[in-house]
Amino acid sequence: MAKKIDNLFGSSRFVLPEQRELYLQMKEDDKLVPIPILEQDELATFDYLLRDAQQNEKAVSITWWQHKKNKLGTICTMWGAVPEINENTRKVKLLTVEDVQWIPLENITDVKT
C-alpha cells in the first residue's frame, strides 16, 4: 500500500490548483541539468560523424542539451538523417519521419551511428 508521502495530493483533502501546479513545476525543475563540458577530441569526433552521415546519407542518433531556464536545461535525443549542416548559423538539420529539428552544434553532447 502506498504511503501518504508518496501520494502527496491523494492524502490531502484540500489542495489548491496553484499549489499543485507549483509542486509539479518544482519537480520538473529538479530534472534540469547544466550544460555538459566536452573535450576537444569529442567535438572533433562528433563533427566527423555528422559530416560522414551527411555525405553517405546515414542515420544518426544525436543527443543535445536544450536550454530551459537560468543556466539549466534538459538532455534530448533524436534519431534521423542529417541532410544539412549550416556553417553560418552553426546548426545541424536533423530530419526524421515526423519532424525536422535544427540543433545548435555547441549544444550537441553525443552522436552515434
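In what follows, the accompanying structure is described. All values derive from a computational prediction rather than experimental measurement.

1. Details of the layout of surface pockets
- In this structure, the largest pocket spans a volume of roughly 200 Å³.
- Around the largest pocket sit Gln40, Leu43, Ala44, Phe46, Asp47, Leu50, Arg51, Glu87, Arg90, Leu105, Glu106 and Ile108, which together line it.
- For the lining of the largest pocket, the element with the most residues is helix α3 (residues 40–56), which contributes seven residues.
- For the lining of the largest pocket, the class distribution of residues is six nonpolar, one polar and five charged.

2. Brief notes about α3
- Taking 1.5 Å per residue, 17 residues should reach 24 Å; α3 reaches 24 Å between its end C-alpha atoms and fits that length.
- For α3, the full list of buried residues reads Phe46, Leu49, Leu50, Asp52 and Ala53. Along the long axis of α3, the arc covered by the buried residues comes to 165°, so they all point the same way. Exposed residues lying more than 90 degrees from the buried face of α3 are Gln40, Asp41, Tyr48 and Gln55.

3. Overview of the side chain of aspartate 52
- By the element assignment, aspartate 52 lies in helix α3.
- At 2.9 Å, the side chain of aspartate 52 forms a polar contact with the side chain of lysine 58.
- With near-sequence residues (within four places) excluded, aspartate 52 lies in contact with Glu57 and Lys58.

Thresholds, definitions, all that
Residues numbered from 1 in each chain as written. Predicted model: local features only at pLDDT ≥ 70, side-chain atom pairs only at ≥ 80, totals over all residues. Heavy atoms only, no water. 1 Å grid on protein atoms, 1.4 Å probe; cavity = no way out; pocket = protein on both sides within 12 Å on 5 of 7 lines; lining within 4 Å. Points joined across faces, edges and corners; volume = space filled by probe spheres on them. Helix = DSSP H or I, 4+ residues; strand = E, 2+ residues; numbered from the N terminus. Nonpolar A, V, L, I, M, F, W, Y, C, P; charged D, E, K, R; others polar. Expected span 1.5 Å × (residues − 1). Buried < 20%, exposed > 50% of the residue type's maximum accessible area, 1.4 Å probe, protein only. Arc of directions from axis to C-beta. Polar contact = N/O pair within 3.5 Å; in protein donor to acceptor, adjacent residues only side chain to side chain. Contact = heavy atoms within 4.5 Å.

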